[in-house]
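Notes for the structure review
Each chain, written out:
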Amino acid sequence: MSYAITGLALLAAVTLVNALLTVAVTKRWRATMAAPAPAATTQGPPALAVSEGDRAPAFTLHTAQGEVDESALAGHPALICFLRPDCGPTRESLPGIRRWAEANTPSGARLVAVINGRPTDAGPLLEAVGPLTDLTATEPPNGLVARAFGVRHHPSFVLLDADGTVTETGIGQGSLTALDLLDA
């Protein structure tokens, strides 16, 4: 009989502990559910480190003709395109880039193509933009020029006026008004 009483006392103690833990968990859960949600940390749409009205940062391109810096663009409007060889939107943006170059480079505007990726993968993209400009450079992802402009997404575009001031930026195919206005 003493075993039965001891067993019942042990069972009662375990049940009491279980009930207390259940009450504690339930209170904690209710408090969590009643608390306001933490503020969402939305970063908004992707952005470059430069925006309209900024001066273009200093940069140096390592082209096939040698080193070229931002002073090569002085006195000329310029479109700087950051492209990636394995990027579908980059390929889709090529006709717009071609139209911009055909419409603007005869009057002195400059087209700069910075291809972010391995040089072994850049061949087809270099062939596509090579006839449009002699200012092409291949650099590793997050290369010096891309970092100077804050490029994290491709394609990215920066349109400069003749003074080197950013007049428009765009990220993604179809994001730059200057390219879309030339649907001829």
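What comes next concerns the included structure. Every chain's residues receive numbers from 1 upward, in the order its sequence appears when written. Where totals are concerned, whole chains, interfaces and linings use all residues; where local detail is concerned, this predicted model gives features only for residues with pLDDT of at least 70, and gives and counts side-chain atom pairs only at 80 or more. In computing side-chain values, all of the structure's heavy atoms are included and hydrogens and water are not.

**Examining the overall build of the protein chain**
Where we set the bar: In this description a helix means any DSSP run of H or I spanning at least four residues, a strand means any run of E spanning at least two, and both kinds are numbered starting from the N terminus. The size measure is the radius of gyration over C-alpha atoms, and the globule rule it meets is 2.2 Å times the number of residues to the 0.38 power. Relative accessibility under 20% of the residue-type maximum defines a buried residue, over 50% an exposed one, and the middle range a partly exposed one, all with a 1.4 Å probe and only protein chains included. Every residue pair with non-hydrogen atoms within 4.5 Å of one another is taken to be in contact. In this charge count, Lys and Arg are treated as positive and Asp and Glu as negative; neither His nor the chain ends contribute. Charge positions are represented by NZ for Lys, CZ for Arg, CG for Asp and CD for Glu.
When you go through the protein chain residue by residue, the secondary structure sums to five helices and seven strands. Reading the protein chain from its N end, one meets helices and strands in the order α-β-β-β-α-β-α-β-α-β-β-α. Radius of gyration (C-alpha) of the protein chain: 30 Å, far over the 16 Å computed for a compact globule of 184 residues. With the principal axes as the frame, the protein chain shows a C-alpha extent of 105 × 35 × 35 Å. Buried residues in the protein chain amount to 34% of all 184 residues. Restricting the contact set of the protein chain to residue pairs at least 6 apart, pairs at least 24 apart contribute 66%. Of the side-chain charges in the protein chain, 12 are positive and 17 negative, and the distance between the mean point of each set is 17 Å.

**Some points on the pairing of strand β5 (residues 135–139)**
Our working rule: DSSP bridges decide pairing: two strands pair if at least two such bridges lie between them. When the strands point away from the viewer, a crossover counts as right-handed if the path from the first strand over the helix to the second runs clockwise.
Taken across its five residues, β5 has four buried, putting it largely inside the fold. For strand β4 (residues 110–116) and β5, the ladder comprises five bridges, and the chain directions are parallel. Bridge pairing in β5 places V114 opposite A137. Running through helix α3 (residues 123–129), the crossover from β4 to the neighbouring parallel element β5 is right-handed.

**Re the side chain of T63**
As a reminder of what qualifies: In protein, a polar contact requires one atom able to donate a hydrogen and another able to accept it; more generally it is a pair of N or O atoms within 3.5 Å, and residues adjacent in sequence count only if both atoms are side-chain atoms.
For T63, the position within the fold is in strand β1 (residues 60–63). T63 sits in the buried class, given a relative accessible area of 10%. Looking at T63, its side chain comes within polar contact range of the main-chain oxygen of G66, at 2.6 Å. When sequence neighbours within four positions are dropped, the list of residues in contact with T63 reads V68, D134, L135 and T136.

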